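Analysis of the macromolecular model
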Amino acid sequence: MVSDSHPTGQNVDWLLENLKKTVPGTRQVLLLSSDGLSKAHVDLGADDADRLAAIASGLNSLGRSFGHDRVLGNGGTVRQVIVELHNGILIVASAGHGAVLAVTADASTHTETLGYEMGMLIRAVQPFLATPARRPTTAPSSAGM
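Numbering of residues begins from 1 in every chain and follows the order in which that chain's sequence is written. Where local features are concerned, this predicted model is filtered to residues with pLDDT of at least 70; where side-chain atom pairs are given and counted, the filter is 80 or more; whole-chain, interface and lining totals use all residues. Hydrogens and water are ignored here; the side-chain numbers use all heavy atoms of the structure.

**Remarks on the overall build of the protein**
- Secondary structure follows DSSP: runs of H or I at least 4 residues long count as helices, runs of E at least 2 residues long count as strands, and numbering of each begins at the N terminus. When its secondary structure is counted, the protein shows three helices and six strands.
- Beginning at the N terminus, the succession of helices and strands in the protein can be written as β-α-β-β-α-β-β-β-α.
- Note on exposure labels: buried denotes an accessible area under 20% of the residue type's maximum, exposed denotes more than 50%, and partly exposed covers the range between, all computed with a 1.4 Å probe on protein chains only. For the protein, buried positions account for 40% of its 145 residues.
- Residues are treated as being in contact if the distance between any of their heavy atoms lies within 4.5 Å. Here the contacts in the protein between residues at least 6 apart in sequence split such that 50% fall between residues at least 24 apart.
- As displayed, the protein offers around 8600 Å² of accessible surface, 54% of which is attributable to carbon and sulfur atoms. Method for areas: the Shrake-Rupley scheme with a 1.4 Å probe, in which residue coverage is limited to the protein chains shown.

This is the structure in C-alpha cells:
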C-alpha cells in the first residue's frame, strides 16, 4: 500500500484498505482528483496508480459529458461508470468535490455489492475524499528586464 498525503492532512489509506477487505475479489482501490492525479491507493505501484488515475479520470469525464447532454443523458449527474471485462471489472465513481474513487475487481465479484459499498464509503466520508482544485501557478515576475 502506497499513498500520498491528502490535501486536508487526513490519511485515507485505512478507508481504502477497508473497502478492499469488505468486498471479496476487490483487487485495487484508488482515490484520485477529477483531473487525474493519484491521491491514495491500495495494491498499486506508483506507475500503475498513475496509469489507472488517467484512465479513471477519462471515464469519469466521459460520464459527466453524457450526463450534461440534455437529450442523451437527460441532464443527470454521473454516479458510477462501470467497465466489465472478461477477467475483471472497473468501477469509477464521483467521490466528492473534485474527487473520484476507482476500484478494480475480479470478474466473479458481485458488481452491485461493490458499487453499493463504494457508495456507502463515499457518503460516510465524503469530506475526507474531496480534492480542492489546483491553484494556478503564476509566472515569475519579469520586472527589471
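**Digging into a nonpolar patch on the surface**
- For patches, a residue must show more than 30% relative accessible area and have no salt bridge; joins then use 9 Å for like charges and 5 Å for nonpolar side chains, namely Val, Leu, Ile, Met, Phe, Trp and Tyr. A pair is scored as a salt bridge if a Lys or Arg side-chain nitrogen falls within 4 Å of a carboxyl oxygen belonging to Asp or Glu. A cluster of nonpolar residues, F66, V71 and L72, forms a patch on the protein surface that exposes about 370 Å² of accessible area.
- Tracing the backbone through its elements, the reader meets F66 in helix α2 (residues 46-68).

**A short note on the nonpolar core**
- As used here, the term nonpolar core means buried Ala, Val, Leu, Ile, Met, Phe, Trp, Tyr and Cys residues forming a set that is joined through side-chain atoms within 4.5 Å. Counting residues in each nonpolar core, the largest one holds 22 residues, and the members touching the most others are L16, L19, V29, L101, V103, L114 and M118.
- For this core, the elements supplying multiple residues, two or more each, are α1 (13-22), β2 (26-33), β3 (38-42), β5 (88-94), β6 (99-106) and α3 (111-129).
- Sort the elements by how many residues they give to this core and α3 lands first, with five residues.
- Beyond its immediate sequence surroundings of up to four residues, L16 is in contact with V29, L31, A40, H41, V42 and L101.
- Residues L44, V78, V81 and L90 belong to the second largest nonpolar core, which totals 14 residues.

**Looking at the environment of A53**
- By secondary structure assignment, the location of A53 is in helix α2.
- Distance in space between the C-alpha atoms of A53 and S34 is 8.9 Å, their sequence separation being 19 residues.
- If sequence neighbours within four positions are ignored, A53 has contacts with L30, L32, G36, L37 and S38.

**Points about the pattern of salt bridges**
- What the rule picks out here adds up to three salt bridges.
- Here K20 makes a salt bridge to D43, at a shortest N to O gap of 3.0 Å. Note that K20 is positioned in helix α1 and D43 in the loop between β3 and α2, a separation of 23 residues in sequence.
- Judged by relative accessible area, K20 falls into the partly exposed class, the value being 21%.
- For D43, a relative accessible area of 42% gives the class partly exposed.
- R51 serves as the salt-bridge partner of D48, at 3.1 Å between the closest nitrogen and oxygen. Of this pair, D48 and R51 both sit in helix α2, separated by three residues, roughly a single helical turn.
- We classify D48 as partly exposed; its relative accessible area is 35%.
- On the basis of relative accessible area, R51 is assigned to the exposed category, the value being 52%.

**Some details on the environment of N74**
- Within the element layout of this structure, N74 appears in the loop between α2 and β4 (80-84).
- Setting aside its immediate chain neighbours within four residues, N74 contacts G67 and D69.

**Describing the pairing of β2**
- Across the eight residues of β2, six count as buried, placing the element largely inside the fold.
- In this sheet, β6 lies alongside β2 in antiparallel orientation, the contact comprising seven bridges. Counted as the bridge partner of T26 is A105 from β6.
- Inspection of the sheet shows β2 paired to β3 by four bridges, in the antiparallel sense. Bridging across to β3, V29 finds its partner in V42.
- Linkage of β2 to β3, two consecutive antiparallel strands, is achieved through a turn of four residues, within which G36 is found at a positive phi near 95°. DSSP calls a pair of strands paired once it identifies at least 2 bridges connecting them.

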